[in-house]
2 protein chains.
Amino acid sequence: MRKAFLKTAAGNGLLDRRSFLQSGIALSTSFSLGAFAAPVSDLNTAPNSSIAASFPEWMKTPGRADTEYGQPSIYEKQVQRHLQKSAPEASLFSIWHTPIENQRGIITPSGLHFTVNHNGIPDIDPQQHVLMIHGLVDKPLKFDVESLMRYPMVSVIHFLECAGNTATNAVSLSPLDQSAQELSGQMSGSEWAGIPLKYLLKETGLKANAKWVIAEGADGGSHSRSIPLDKLQDDAMVALYQNGERIRPSQGYPMRLFVPGWEGNLNVKWLHRLEVTDQPAYTKDESGLYSDILDDGRIQRFSFHMDVKSLITRPSGKQLLPEKKGFYEISGLAWSGYGKIKQVEVSADGGKTWAPAHLEGPILPKSLTRFTIPWRWNGSETVLLSRATDELGRVQPTRDQWRDQYASYSFNHYNGIQAWHIARDGIVENCYG
Amino acid sequence: MRKAFLKTAAGNGLLDRRSFLQSGIALSTSFSLGAFAAPVSDLNTAPNSSIAASFPEWMKTPGRADTEYGQPSIYEKQVQRHLQKSAPEASLFSIWHTPIENQRGIITPSGLHFTVNHNGIPDIDPQQHVLMIHGLVDKPLKFDVESLMRYPMVSVIHFLECAGNTATNAVSLSPLDQSAQELSGQMSGSEWAGIPLKYLLKETGLKANAKWVIAEGADGGSHSRSIPLDKLQDDAMVALYQNGERIRPSQGYPMRLFVPGWEGNLNVKWLHRLEVTDQPAYTKDESGLYSDILDDGRIQRFSFHMDVKSLITRPSGKQLLPEKKGFYEISGLAWSGYGKIKQVEVSADGGKTWAPAHLEGPILPKSLTRFTIPWRWNGSETVLLSRATDELGRVQPTRDQWRDQYASYSFNHYNGIQAWHIARDGIVENCYG
């Protein structure tokens, strides 16, 4: 391995990215190519039989036919969503977690996007589906899918996060040995396209005392939430597309409400009704589940934003660092429901020292942002942490700081710093920093 | 429909976007909600039996269970890739076109991304796959997938386009009645993540006379291309991820070369070998197929970049404008292999007058850019066109201007302006402007 002077960025091996990339640190297995090498002059002739014999089968035969809708490799079957829990009848209430540690970049594959289903998934015939807007409006309106398709649309890249994401870290007295998927997989990122709701509300007109909207889904349990009108007039949309195609049943086909930066539950799937009112309705889906209980027992209403948060995905829970020491690129995601990520700091020494990580562009508001920092692990036990700051100056609290604000059984909107314990044998585990 | 003063942007109905959005032009079917309306006071009580009886089935019963890897709705089955042609044995040579007119935004779903397969698709076991770098290097190296996973990675959003995209418009004397998918579906956009090739070449070191690289795939026909070393040292990568998951077999699993902005063929799938040389190898895949034949019969070598181009996707070929006149949002995509899109102009009067379209951010280099402009169609026959300019000042030529440069049978790298004929009955057809 080439000896090079590497500039450090913070304690216990965090490195300056530029000097790391320029140094060309070898990570490959460098050994002779043996039988696989073919000199340039042989390039356009048949390889000699001894070389050819060592080729894998797929290099010697024609491949298979492709399909109308391509699928992932059979060798990636294990990359799946994880079902957290369900009622005795599995279809009623289920939470499916994204394998977030397998992702690179800021887009989650649509099929792996997390979902929380309160009443199972309806398979809705788009030709029978309508969106109604009524209540405190000048003109109640009904839109079928074909009409909606003609409206001006926008496409935006945003994260979506369940209010209950990372709940186990909020309430469990001891840290559970869980993967990033199990701990924080109720969060994903996608490109969403649809009609800004303000265009539709402009058509219905709004009465002077209109202040709230009840959004209701067409699922068997009529999932519904109350949302302030101001937000809906701002950047909310009726989303019809995800990552370039019509949204999937799991994500609300044929349409869902999309409310950038606000808790997942508000993003009502299978949206069919918007009732404009002058006050919130305190539906079952918002009173019982999505309120924060403060330290003194009072209930804070309403808590809509998903606050600034980050997660190192490599290395993360249940992973194993393959070598006892050596170079690793620490990689993770940061996001904020308030806007853009401004900075992510990483610590490799349990929080004693911190270094700013590299943020990958484009840095977009209310979207995932990928961060990385190179790290030379010396093989000793330690704790890795990441701490995000957004453009409003909001910073992630520690777990203790977060818990000080709320009742011990409150678990929604947890955005405490995530700590990963690295043991000397390379095992990575969730811990409480 | 509310009468409003709408600012025009150019001839035959192109409108100023801001005034259009502010005017609230009604596109919905406005009629009484009838039995579906539920007053606020009834919200948390069971609907009365006559209302409930009219609800679709899915609103009255629990839905189905979700799955580990979610799939599109059964009602979207018709949105598929289209197989252009194949050898008698379908698996050998096939071109699969993206249904680009169905896309919104700048991300193409991975399963719908176009592909050109010269030798069918191999199903490669990643544990048996290696990437070799040899030839004019200081140290030949071999990388297995596990090693590559530890390298620093980047994720970027880029388009990919086949050199032969839109070839029929280049060579067919009369315009073929084809959809956007059939005409220009050999083009897609995705988020790609992988290792910048310069990091790997830094490890092998390069000899003084190293100038080209032959990239070879592990498919049955050893697809290969020669690529200038400079480009590979710039922004080329060994891509392992597409839209958040490992790339699919159709796209080169377990890895492909990704060369931003350069013709699709260079982006060698199932990449297994990079041989550094001092000259191009003139492989069968580059000499016979991907050279441009100039008007005087000489062959231009090499033509790597995909030039600035645009495509109105709504309305586009084989579509039908649902109303004889009225408001439509013209929507499309623009891209350039040289960098960012600077401007897209749209004409609704066959090229007499042009207006700049709205470009949706983020505007990224060598990526798709979505453009839109509102249009009030008065029901008369006309032709719609789009013309893109990139940040280097390169502008799309007309079809005639493009053809003047090349031999009449030359069809690669066609980037002439696309024209769509609108008949009075609303039928949209490909035409030659």
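Residues numbered from 1 in each chain as written. Chains lettered and ligands numbered in written order. Predicted model: local features only at pLDDT ≥ 70, side-chain atom pairs only at ≥ 80, totals over all residues. Heavy atoms only, no water.

A word on the overall build of chain A. The number of helices and strands found in chain A is nine helices and 26 strands. Counting every position in chain A, which comprises 433 residues, the buried fraction comes to 63%. Within chain A, contacts between residues separated by at least 24 positions form 73% of all contacts whose residues are at least 6 apart in sequence. Entry remark: accessible area of chain A is about 16,000 Å², with carbon and sulfur atoms responsible for 52%. (Helix = DSSP H or I, 4+ residues; strand = E, 2+ residues; numbered from the N terminus. Buried < 20%, exposed > 50% of the residue type's maximum accessible area, 1.4 Å probe, protein only. Contact = heavy atoms within 4.5 Å. Areas by Shrake-Rupley, 256 points an atom, 1.4 Å probe, with all protein chains shown as cover.)

Rotating chain B by 180 degrees and translating it 0.0 Å along the rotation axis places it on chain A, where the RMSD comes to 0.0 Å. On the angle and the small slide along the axis, the relation comes out as a two-fold axis. Rotation axis and chain B: the residue whose C-alpha lies nearest the axis is proline 362 of chain B, separated from it by 3.7 Å. Interface overlap between copies: 100% of the residues of chain B at the interface are likewise at the interface in chain A, consistent with a symmetric, same-surface contact. (Least-squares fit on C-alpha atoms with pLDDT ≥ 70 in both.)

Glancing now at the environment of aspartate 234 of chain B. Topologically, aspartate 234 of chain B is positioned in helix H7 (residues 229-234). For the pair formed by aspartate 234 of chain B and proline 62 of chain B, sequence separation is 172 residues and the distance between their alpha carbons is 54 Å.

Our focus in this paragraph is the sheet that holds strand S7 (residues 141-144) of chain B. Residues and elements named next belong to chain B. The sheet built from five strands is open, its strands ordered S7-S6-S15-S10-S11 with mixed pairing. The open sheet terminates on both sides in strands that have one partner only, identified here as S7 and strand S11 (224-228). Taken pair by pair, the neighbouring strands of this sheet meet at an average axis angle of 15 degrees, ignoring direction. The sheet strands contacting helix H6 (residues 197-204) are strand S6 (130-135), S7 and strand S15 (271-277), and the helix crosses S6 at an angle near 55 degrees. (Pairing = 2+ DSSP bridges. Axes fitted to C-alpha atoms, helices over the stretch in contact; angles between N-to-C directions.)

Inspection of the secondary structure assignment puts asparagine 117 of chain A in strand S5 (residues 115-117). Classification of asparagine 117 of chain A as buried rests on a relative accessible area of 1%. Every residue in contact with asparagine 117 of chain A, bar those within four places of it in the chain, is listed here: Leu92, Phe93, Ser94, Trp96, Ser250, Lys269 and Trp270 of chain A together with Asp66 of chain B.

Turning our attention to H6 of chain B. Residues and elements named next belong to chain B. Here H6 lies mainly inside the structure; six of its eight residues are buried. Those residues of H6 lying buried are Leu197, Tyr199, Leu200, Leu201, Glu203 and Thr204. Among the residues trailing H6, glycine 205 stands out with phi positive, at a value near 70 degrees.

Let us now look at unusual backbone geometry. The amide bond that connects tyrosine 253 of chain B to the next residue, proline 254 of chain B, takes the cis arrangement and shows omega of 10 degrees. In this structure, proline 254 of chain B sits in the loop between strand S13 (245-246) and strand S14 (256-258). Each neighbour pair has its own omega, and for glycine 361 of chain B with proline 362 of chain B the value is 0 degrees, a cis peptide bond. Take proline 362 of chain B: it is sitting in the loop between strand S22 (358-359) and strand S23 (369-377). Located in the positive-phi region is threonine 166 of chain A, a residue other than glycine, with phi close to 65 degrees. Among the structural elements, threonine 166 of chain A can be located in the loop between strand S8 (154-161) and helix H4 (167-171).

On to the domain arrangement of chain A, then. All names here are of chain A. According to the domain assignment, chain A contains domain 1 (110-290) and domain 2 (309-431). For domain 1 versus domain 2, the separation of C-alpha centres amounts to 29 Å. In this assembly, 33 residues from domain 1 lie in contact with 29 residues from domain 2. Here domain 1 meets domain 2 over a buried area of about 2,400 Å², counting both sides, of which 54% is carbon and sulfur. (Domains from an automatic or database assignment. Buried area = accessible area lost by both parts, 1.4 Å probe.)

Before going further, it helps to spend a moment on the interface of chain B and chain A. Across the contact, 122 residues belong to chain B and 123 residues belong to chain A. Summing both partners gives a buried area of about 10,900 Å² for chain B against chain A, and 57% of it is carried by carbon and sulfur. It is Trp58, Arg104 and Arg150 of chain B that lose the most area in chain B upon contact with chain A, and together they represent 9% of the buried surface on that side. Summed over the shared surface of chain B and chain A, the number is eight salt bridges. For arginine 246 of chain A, the salt bridge is made with glutamate 76 of chain B, and the minimal N-O distance between the two is 3.6 Å. Inspection of the region where chain B meets chain A yields 40 residue pairs in polar contact (both at pLDDT 80 or more). Ranked by residues supplied to the side of chain B that touches chain A, first place goes to helix H1 (residues 17-23) of chain B with five residues. (Salt bridge = Lys/Arg side-chain N within 4 Å of Asp/Glu carboxyl O. Polar contact = N/O pair within 3.5 Å; in protein donor to acceptor, adjacent residues only side chain to side chain.)

Moving on, we get to the pairing of strand S24 (residues 382-390) of chain A. Every regular strand shows the same layout, with side chains that alternate between the two sheet faces. Residues and elements named next belong to chain A. Burial analysis of S24 places eight of its nine residues in the buried class, which makes it a mostly covered element. By the bridge criterion, four bridges tie S24 to strand S25 (residues 419-422) in an arrangement that is antiparallel. The partner of threonine 382 across the bridge, within S25, is isoleucine 422.

Scanning all chains against the criterion turns up 30 salt bridges over all chains. One salt bridge in this structure joins aspartate 66 of chain A and arginine 81 of chain B, with 2.7 Å as the shortest N-O distance. With aspartate 66 of chain A in the loop between helix H2 (49-54) and strand S3 (82-86) and arginine 81 of chain B in the loop between helix H2 (49-53) and strand S3 (82-86), this residue pair bridges two chains. For aspartate 66 of chain A, a relative accessible area of 9% puts it in the buried group. What makes arginine 81 of chain B buried here is its relative accessible area of 3%. Residue aspartate 138 of chain B is joined to lysine 207 of chain B by a salt bridge in which the shortest nitrogen-to-oxygen separation is 3.7 Å. You can see aspartate 138 of chain B sitting in the loop between S6 and S7 and its partner lysine 207 of chain B sitting in the loop between H6 and strand S10 (212-217), a full 69 residues away along the chain. Owing to a relative accessible area of 37%, lysine 207 of chain B belongs among the partly exposed residues under this scheme. Look at the salt bridges and you will find they share partners, linking Glu216, Arg273 and Glu275 of chain A into a network.

All names here are of chain A. The strand order S7-S6-S15-S10-S11 describes an open sheet built from five strands, whose pairing is mixed. Looking at strand neighbours, the two that pair on one side only are strand S7 (141-144) and strand S11 (224-228), the edges of this open sheet. Strand-to-strand twist of the sheet, defined as the mean angle between neighbouring strand axes without regard to direction, takes the value 15 degrees. Across five bridges, strand S10 (residues 212-217) lies against S11 in antiparallel orientation. Note that in S11 the partner of isoleucine 214 across the bridge is serine 226.

This paragraph deals with the pairing of strand S12 (residues 237-242) of chain B. All names here are of chain B. Burial analysis of S12 places six of its six residues in the buried class, the great majority of the element. Note that strand S9 (residues 187-196) and S12 share five bridges and pair antiparallel. Considered in S12, the bridge of proline 196 is made with methionine 237. Relative to S14, S12 runs antiparallel, the two sharing three bridges. In the sheet register, alanine 239 faces S14, and the bridge partner there is arginine 256. Looking at chain direction, S12 and S13 are connected through two bridges and run antiparallel. By the bridge assignment for S13, tyrosine 241 is matched with arginine 246. Adjacent in sequence and paired antiparallel, S12 and S13 are bridged by two residues, among which asparagine 243 carries a positive phi angle near 50 degrees.

Here the focus is the environment of alanine 348 of chain B. Residues and elements named next belong to chain B. The topology assignment puts alanine 348 in the loop between strand S20 (341-347) and strand S21 (355-356). Among the residues examined, alanine 348 registers a relative accessible area of 0% and is labelled buried. On a C-alpha basis, the gap between alanine 348 and glycine 111 in space is 34 Å, while along the polypeptide they are 237 residues apart. Setting aside chain neighbours within four positions, we find alanine 348 in contact with Gly11, Asn12, Leu14, Thr353, Trp375, Thr382, Val383 and Leu384.

Moving on, we come to the packing of aromatic side chains. Going through the model one piece at a time under the given rule, you end up with 20 aromatic pairs over all chains. When the ring of phenylalanine 20 of chain A is compared with that of phenylalanine 327 of chain A, the centres are 5.6 Å apart and the planes differ by 35 degrees; the resulting orientation is tilted. On the criterion of sequence distance, the pair formed by phenylalanine 20 of chain A in helix H1 (residues 17-23) and phenylalanine 327 of chain A in strand S19 (residues 326-335) is long-range, its members being 307 residues apart. Each member of the pair phenylalanine 20 of chain A and phenylalanine 327 of chain A is classed as buried. Where tryptophan 402 of chain B meets tyrosine 414 of chain B, the ring centres are 5.0 Å apart and the plane angle is 80 degrees; that geometry is what we call edge-to-face. With tryptophan 402 of chain B in helix H9 (residues 399-405) and tyrosine 414 of chain B in the loop between H9 and strand S25 (419-422), this pair connects stretches of sequence that are 12 residues apart. Residue tryptophan 402 of chain B is classed as buried on the basis of its relative accessible area, which comes to 2%. Joined through ring pairs, the aromatic side chains of Trp212, Trp262 and Phe304 of chain A make up one cluster. A cation sits over an aromatic face here: arginine 387 of chain A above tryptophan 354 of chain A, 4.0 Å from the ring centre. (Phe/Tyr/Trp six-rings, centres within 6.5 Å; stacked < 30°, edge-to-face > 60°. Lys NZ or Arg CZ within 6 Å of the ring centre and 35° of its normal.)

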